[in-house]
Each structure stands twice: as structure tokens, then as C-alpha cells.
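Below are the chains, spelled out letter by letter.
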Amino acid sequence: MHPILPPFPQTRLRRMRRTPALRDLAQEHRLSVKDLIWPIFITDVPGADIEVSSMPGVVRRTLDGALRAAEEAAELGIPAICLFPYTDPALKTETCEEAWNPDNLSNRVIRAIKARVPEVAIMTDIALDPYNANGHDGLVKDGVILNDETVECLVKMALAQADAGADILGPSDMMDGRIGAMRAALEAAGHTDVTILSYAAKYASAFYGPFRDAVGASGALKGDKKTYQMNPANADEALRLVARDLSEGADMVMVKPGMPYLDICRRVKDAFGVPTFAYQVSGEYAMIAGAARNGWVNGPQVMMESLLAFKRAGCDGVLTYFAPDAARALRAG
Ligand code: PBG
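Reading guide: rules and limits
- Every chain is numbered on its own, with residues counted from 1 as its sequence reads.
- Confidence filtering applies because this is a predicted model: local features only for residues at pLDDT of at least 70, side-chain atom pairs given and counted only at 80 or more, and all residues used for totals across whole chains, interfaces and linings.
- Note that the side-chain values use all heavy atoms of the structure and ignore hydrogens as well as water.
- Two kinds of site are reported from a 1 Å grid over the protein atoms alone, namely cavities, where a 1.4 Å probe fits but cannot get out, and pockets, open sets with protein on both sides within 12 Å along at least five of seven lines, and residues are called lining when an atom falls within 4 Å of a point.
- Grid points are joined across faces, edges and corners, and a volume is the space filled by probe spheres set on the points.
- Polar here means any residue other than Ala, Val, Leu, Ile, Met, Phe, Trp, Tyr, Cys and Pro, which are nonpolar, and Asp, Glu, Lys and Arg, which are charged; Gly is therefore polar.
- The helix count covers DSSP runs of H or I at least four residues long, the strand count covers runs of E at least two residues long, and both are numbered beginning at the N terminus.
- The term disulfide is used for any two cysteine sulfur atoms that are within 2.5 Å.
- Summary of the burial criterion: residues with accessible area below 20% of their type's maximum are buried, those above 50% are exposed, and those between are partly exposed, where the area comes from a 1.4 Å probe applied to protein chains only.
- Throughout, an axis means a line fitted to C-alpha atoms (over the contacting stretch in the case of helices), and angles, computed between N-to-C directions, take values from 0 to 180 degrees.
- In these notes the angle categories are as follows: under 35 degrees is roughly parallel, over 145 is roughly antiparallel, 65 to 115 is roughly perpendicular, and the rest is oblique.
- Handedness of a crossing is defined here by the sense of rotation of the near helix relative to the far one, left-handed for an anticlockwise turn of less than a right angle and right-handed for a clockwise turn.
- Two residues qualify as a contact provided that any one of their heavy atoms is within 4.5 Å of a heavy atom in the partner residue.
- Any N or O atom pair separated by 3.5 Å or less is treated as a polar contact, with the protein-specific requirement of one donor-capable and one acceptor-capable atom, and with residues adjacent in sequence counted only for side-chain atom pairs.
- An expected span of 1.5 Å times one less than the residue number is assigned to each helix.

Draft legend 1. Quick look at empty space enclosed by the protein. Considering all chains together, one arrives at 2 cavities of 30 Å³ or more under this definition. Approximately 120 Å³ is the volume found for the largest cavity. As for the largest cavity, its lining consists of 16 residues, and the residues nearest its centre are Asp-129, Lys-202, Tyr-208, Phe-211 and Lys-256. For the lining of the largest cavity, the per-class residue count stands at 6 nonpolar, 3 polar and 7 charged. In this structure, the second largest cavity encloses a volume near 70 Å³. Every residue along the wall of the second largest cavity is listed here: Asp-44, Pro-85, Tyr-86, Thr-87, Asp-88, Leu-91, Glu-98, Asn-104, Leu-105, Ser-106, Arg-108 and Tyr-131. Mapped by element, the contributors of at least two residues to the lining of the second largest cavity are β3 (80–86) and α3 (105–116). Ranked by residue count, the leading element in the lining of the second largest cavity is α3, at 3 residues. Tallied by class, residues from the lining of the second largest cavity come to 5 nonpolar, 3 polar and 4 charged.

Draft legend 2. Examining the state of the cysteines more closely. Inspection of the entire model under this criterion finds 0 disulfides. Here Cys-96 stays free of any disulfide, with the sulfur of Cys-153 as its closest cysteine sulfur at 6.5 Å. Since its relative accessible area comes to 0%, Cys-96 is described here as buried. The thiol of Cys-265 is not disulfide-bonded; the next cysteine sulfur, from Cys-315, is found 3.6 Å away. A residue is classified by how much of its surface remains accessible, and Cys-265, at 0% relative accessible area, is buried.

Draft legend 3. Region of interest: the packing of helix α2 (residues 63–76) against helix α11 (residues 323–332). For the pair α2 and α11, the least separation of the axes is 10 Å and the interaxial angle reads 25°. With respect to their mutual orientation, α2 and α11 come out roughly parallel. Both α2 and α11 take part in a crossing whose hand is left-handed. Here Glu-72, Glu-75 and Leu-76 of α2 come into contact with α11, specifically with Pro-324, Ala-327, Arg-328 and Arg-331.

Draft legend 4. Main features of the side chain of Asp-137. By the element assignment, Asp-137 lies in the loop between β4 (121–123) and β5 (140–141). Among the polar contacts listed, one links the side chain of Asp-137 to the side chain of Lys-225, at a separation of 2.6 Å. Apart from the residues within four sequence positions on either side, Asp-137 is in contact with Ala-127, Leu-128, Asp-129, Thr-150, Ser-172, Asp-173, Lys-202, Lys-225, Tyr-228 and Gln-229.

Draft legend 5. Highlighting the environment of Ala-323. Locating Ala-323 in the fold gives a position in helix α11. Here Ala-323 falls in the buried class, since its relative accessible area comes to 0%. In the structure, Ala-323 is positioned 254 residues away from Ala-69 in sequence and 11 Å away in space, judged by C-alpha atoms. For Ala-323, the residues in contact, after removing those within four places along its chain, are Leu-36, Ile-37, Trp-38 and Ile-78.

Draft legend 6. Summary view of α2. For α2, with 14 residues, the first-to-last C-alpha span of 20 Å sits near the 20 Å given by 1.5 Å per residue. Considered for burial, the residues of α2 that qualify are Gly-65, Ala-66, Leu-67, Ala-69, Ala-70, Ala-73 and Leu-76. Elements that come into contact with the buried residues of α2 comprise β1 (36–43), β2 (60–61), β3, α3 and α11. A positive backbone phi angle near 90° is found at Gly-77, which sits one or two residues after α2.

Taken by themselves, the reported measurements are silent on function.
Here is the structure:
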């Protein structure tokens, strides 16, 4: 792998960096618009379709706005969008039944987009937090997250989303046993071709802060998610989680957050060679977009450099709020 280099001056590594043409030829990794999944926030709460204050440039969209985003994705060549609902607080309960309501906001938006822009793949989020009065991804009893009861809810949620026409289900809840349960239920219901992109290695991260503002979960969340999301100090455990989710029927896996966990992306790709995605999460977006807005960094350049890093780390693609901006930058060349 590593050739012995002849000494200077036979070897001058700068030779290959002299011109743009030579640099292009020697370039190892490239970002393509086809690597992007665009997460969007949707809402039907009057007045909530505004910019998320902690995510400059990111807005919540009504159904019409979501349709326009899907059309924009199609026009730009972005293969997939991912929906995250900002739920009316009046619909949040401790039992979370709105999560599997066939006519909830997400499922209505899935149907509308599939009818209008069928070529754009729709990814969903499977977790109870947008519907949970206490902001957690699972059911809570006496301060404890109930794993197996939550999995039953997640299965109902997965079936409702598959019925609505979702192409990619994204379980982000980190309960044990959910992938196998969902896969079995999908097969039994005839949804044999619905794919699962498991949030397999999802860390308990402070980088999710702006997202929780965007979906309106910040105020509701009591405590933290450390009994189900991973300890940021662990790496081998990520490989066990990925192995487990693949063995239960996941088609693709995700590492989340992205930039602080590129070592995990590389290890997952090397160990399993499966479709591997990273989520450049809301806090990562906020740092770049916020610094750019203040003129502290060159926003477009930092955006593209940060996205290329995922390719270098072995990812097949990346979920990023920058997707349309990055697509336009790639188109401009
Ligand atoms: C919830 C979920 C979260 C994100 C995606 N799905 C937040 C959390 O786990 O608290 C975070 C995405 C982001 O920060 O951009 N299940």
C-alpha cells in the first residue's frame, strides 16, 4: 500500500499540485449531488413556517412548501429528502398515538410528495420525540424509557409511513430490537421493498440542540437521552450496533453526528462495506452557517470542505441541511 518513496529531489510531491488540471487528475474523492439527502422540517401549525432561529437559512415548511422543496430537490438532482415534523403541541401525549396516525402531518406530506414528485426518494424519521409530551424518543414510565413497548409503537409508525409511500425508513430512536421488529412487520404487510436506513451509531450529542428547537422538542425534553443514545467516548460499541442492525435487516446504516465522528464512519465502512451514511447534524450546520453569516469563515468553502470530508471518511452519502446549497455549488462547478 505504501510505496517507498525515492528521496528528494526525485520525489517532489508538490509536482502533482502545480496546476488545477494536475490536481484534478490526482484527486482521490469527489462529492456528487447524488451523495446528498436533504432533511426538511414540516409543520401545519399556523405561523410556525418561519426560519429556525438557531439554524440560519433553514425554514419550517407547510405542505405546499414541502412540495416546492421536493420539486427543488428533483430539479437539482438531489436523490432524497428526509421529513421531520414540528408537531402541534396539542397533539403531543405521553402515549404518542399521533406517531402512527395514517393522516398525521408526515404521512400526509409523504402522500402529497409521492403524488407530485415520485422520483424523489422520501426518507422518514422513526422515533416518538415529535409526538411525545416529554420529548423522549421512547415511552417513559416513572422516568424510565420502556424499550419493548416503544418498539411496538415504532413498528406501527413504520407501517403507517410505508403505507403512505415512504421509500426509506429512518429509525433514529436507538431502542434495542427495533430493526428486526420493523423488518418482520414490513414483510408481513407486503412492504417487502421498503428500505431501512438505521441510525445505528447515534451518539448522545449536544450537537442536536438546534434540531430540537426546529421540531419543538427542546422545551418538552426532560433529562437527557444517555440511556439509549451512545456514549461519545465509545467506538467499538458503534461496530457492535452496526453489526446488530445489519443482522436484523437494515439495508443501510448511519453514523450521527457527522464531523466529530468521522473516525467511526471510516471504521464502519472498512468493517462492513455496506451503504454508510453520516448525518451532518443541526449543530454542525449551525456552527458553519452562523460563522458564515457573521463573516468569520467563508461559508461556501467551509460547507464544501466539510461535505467532502465525509467522502474521504468512507461515507456513501450524507444527510445535510446544506444539500440544496451544495447541489447548486456543485452545478456551478
Ligand atoms: C430524534 C432525532 C434527532 C435528530 C434526528 N432525529 C434529535 C435527537 O435525537 O434528540 C437530530 C438531527 C439534527 O440534530 O440535525 N429522534
